[in-house]
Number of protein chains: 2
Amino acid sequence: MHVRQLAKMLGVSPDTVRYYTRIGLLEPQKSIENGYKFYSPNEQNRLRFILSARDLSFSVDDIKQIFHKADEGESPCPTVRRLIDNRLHETEQRFQDTLRLRARMHTAVENWGGKPDKKPSGNVICHLIDEFTKTPE
Amino acid sequence: MHVRQLAKMLGVSPDTVRYYTRIGLLEPQKSIENGYKFYSPNEQNRLRFILSARDLSFSVDDIKQIFHKADEGESPCPTVRRLIDNRLHETEQRFQDTLRLRARMHTAVENWGGKPDKKPSGNVICHLIDEFTKTPE
DNA sequence: GTAAACCTGTGAGTTAGACACAGGTCAATC
DNA sequence: GATTGACCTGTGTCTAACTCACAGGTTTAC
Ligand SMILES: [Zn+2]
Ligand SMILES: [Zn+2]
Ligand SMILES: [Zn+2]
Ligand SMILES: [Zn+2]
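Parameters at a glance
- Numbers given to residues run from 1 along each chain, matching the order in which its sequence is written.
- The lettering of chains begins at A and the numbering of ligands begins at 1, in the order of writing.
- In keeping with the model being predicted, local features are shown solely for residues with a pLDDT of at least 70 and side-chain atom pairs are shown and tallied solely at 80 or more, while totals for entire chains, interfaces and linings include all residues.
- Side-chain calculation: all heavy atoms of the structure are included, whereas hydrogens and water are not.
- Here, proximity means that at least one heavy atom of the residue falls within 4 Å of the molecule or strand.
- Identification of polar contacts relies on pairs of N or O atoms within 3.5 Å, with a donor-acceptor requirement for protein atoms, meaning one able to donate a hydrogen and the other able to accept it, and with residues adjacent in sequence counted only if both atoms are side-chain atoms.
- Here a helix means four or more residues in a row that DSSP labels H or I, a strand means two or more in a row labelled E, and each is numbered from the N terminus.
- Throughout this description, buried means an accessible area under 20% of the type-specific maximum (1.4 Å probe, protein chains only), exposed means over 50%, and partly exposed covers the range between.
- Working rule for contacts: check all heavy atoms of both residues, and any pair within 4.5 Å makes them a contact.
- Note on aromatic contacts: the rings of Phe and Tyr and the six-membered ring of Trp form a pair at centre separations within 6.5 Å, being stacked when their planes are under 30 degrees apart, edge-to-face when over 60 apart, and tilted otherwise.
- We count a charge as sitting over a ring when the NZ of a lysine or the CZ of an arginine lies within 6 Å of the ring centre and within 35 degrees of the ring normal.
- A side-chain nitrogen of Lys or Arg and a carboxyl oxygen of Asp or Glu constitute a salt bridge if their distance falls within 4 Å.

(A) Region of interest: the protein's contact with DNA strand D. Close contacts around DNA strand D come from 20 residues, with Y19 and Y20 of chain A together with R4, R22 and K37 of chain B the closest. Backbone sugar and phosphate groups make up 62% of those atoms of DNA strand D lying within 4 Å of the protein. In the environment of DNA strand D, a phosphate oxygen lies 3.4 Å from a nitrogen or oxygen atom belonging to the backbone of V60 of chain A. Here a phosphate oxygen of DNA strand D sits 3.5 Å away from a polar atom, N or O, in the main chain of R4 of chain B. Elements that contribute at least two residues to the surface near DNA strand D include exactly α2 (14-22) of chain A together with α1 (3-10) and α2 (14-22) of chain B.

Structure representation (structure tokens):
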């Protein structure tokens, strides 16, 4: 199975498969004849796993660590539990940040609704942005 | 005013100021004597504006466009209104994505709480991740 | 046989800075 | 005046997770 077919089967772009291959997450056999990469059922399964882990926000480096454990025959579960704790904290942080940002942006747009356009002058580059920042209440 | 002093005054890292300078958002005068960059009050004001815009999620490229308008004496306000609409959609998308991800992760961690560690076998690399993906209900 | 359509691997580009580092500058000594 | 050490500078390189560009190889249709 070549890169495009595998990509289509699992619903990702060929470039994504190429990327995972390039960094060593996938190790297809290389055809001597034309240099094309051939993905065995085992590699297909590995990609499936990568995508499952990705959907839980595991990073590529996390997945490398998980594979490393599994390839040595050890249980990757402790690693997985430890890693997802980090990712959970990150996600919570990102969630809170995005929540705050969204509120700020909504407030700004509402404030700007009744304001006219103005040309820049003196220190004021855009009065919308300048004034919104200076009066945050 | 040199890079470190300016950075400290506005609460960002010197590298951030250097970055904005490198990409042309700031244009300090260059001392002929020692090559150090000198930031005038006008440049200081520009950095203040950059940081205000950044806090509303305007990208560096957005800010370039805003500066371009303002430098030509035109009102950047229409540009600003158009750009923030895009950023608002992006932020909303990111918010929803993060919300969903957070729920998925919480569910996963709860499911994994009562499960033992297992060694990899056959097609299963990590049963926690594999089984969670396959039984999403 | 040839032309077009399709596919491949590799190299480079993307964001918004962070980090490393060789060297320049400045104040306080001696 | 020379020297030491602390501090500061610009420039080059690196990051995550891909996406895009591109020269060339392969397959199919006629
Ligand atoms: Zn496991
Ligand atoms: Zn924790
Ligand atoms: Zn404006
Ligand atoms: Zn809209």
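(B) Spatial organisation of the environment of R87 of chain B. Inspection of the secondary structure assignment puts R87 of chain B in helix α5 (residues 77-113). The class for R87 of chain B is buried, based on a relative accessible area of 16%. What R87 of chain B contacts, discounting residues up to four positions off in sequence, is M105 of chain A together with S57, S59 and D62 of chain B.

(C) Focus on the packing of aromatic side chains. The tally for this structure, following the rule as stated, stands at 5 aromatic pairs over all chains. Between the aromatic rings of F95 of chain A and F95 of chain B, the centroid separation amounts to 5.6 Å while the plane-to-plane angle is 20 degrees, which identifies the pairing as stacked. A residue pair is termed interchain when its members come from two chains, as with F95 of chain A in helix α5 (residues 77-113) and F95 of chain B in helix α5. F95 of chain A gets classed as buried once you look at its relative accessible area, which sits at 7%. Plain terms: the ring middles of Y19 of chain B and Y20 of chain B are 5.7 Å apart, the flat faces sit at 45 degrees to each other, and that makes the pair tilted. A relative accessible area of 41% means that Y19 of chain B is categorised as partly exposed. Against the face of F67 of chain A rests R46 of chain A, its NZ or CZ located 4.1 Å from the ring centre.

(D) Here's a closer look at the pattern of salt bridges. Under the definition given, this model contains 18 salt bridges over all chains. For R18 of chain B, the salt bridge goes to D15 of chain B, with nearest N and O atoms at 3.2 Å. Separated by 3 residues within a single helix, R18 of chain B and D15 of chain B lie in helix α2, roughly one turn from each other. Using a relative accessible area of 38% as the deciding quantity, one classes R18 of chain B as partly exposed. The class of D15 of chain B is exposed, set by a relative accessible area of 53%. Of the charged contacts in the structure, one is a salt bridge between E74 of chain B and K69 of chain B, with a shortest N-O distance of 3.5 Å. On the basis of relative accessible area, E74 of chain B is assigned to the partly exposed category, the value being 35%. Residue classification places K69 of chain B among the partly exposed residues on the basis of a relative accessible area of 29%. Each of D62, R87 and E90 of chain A takes part in salt bridges that share partners, so that together they form one network.

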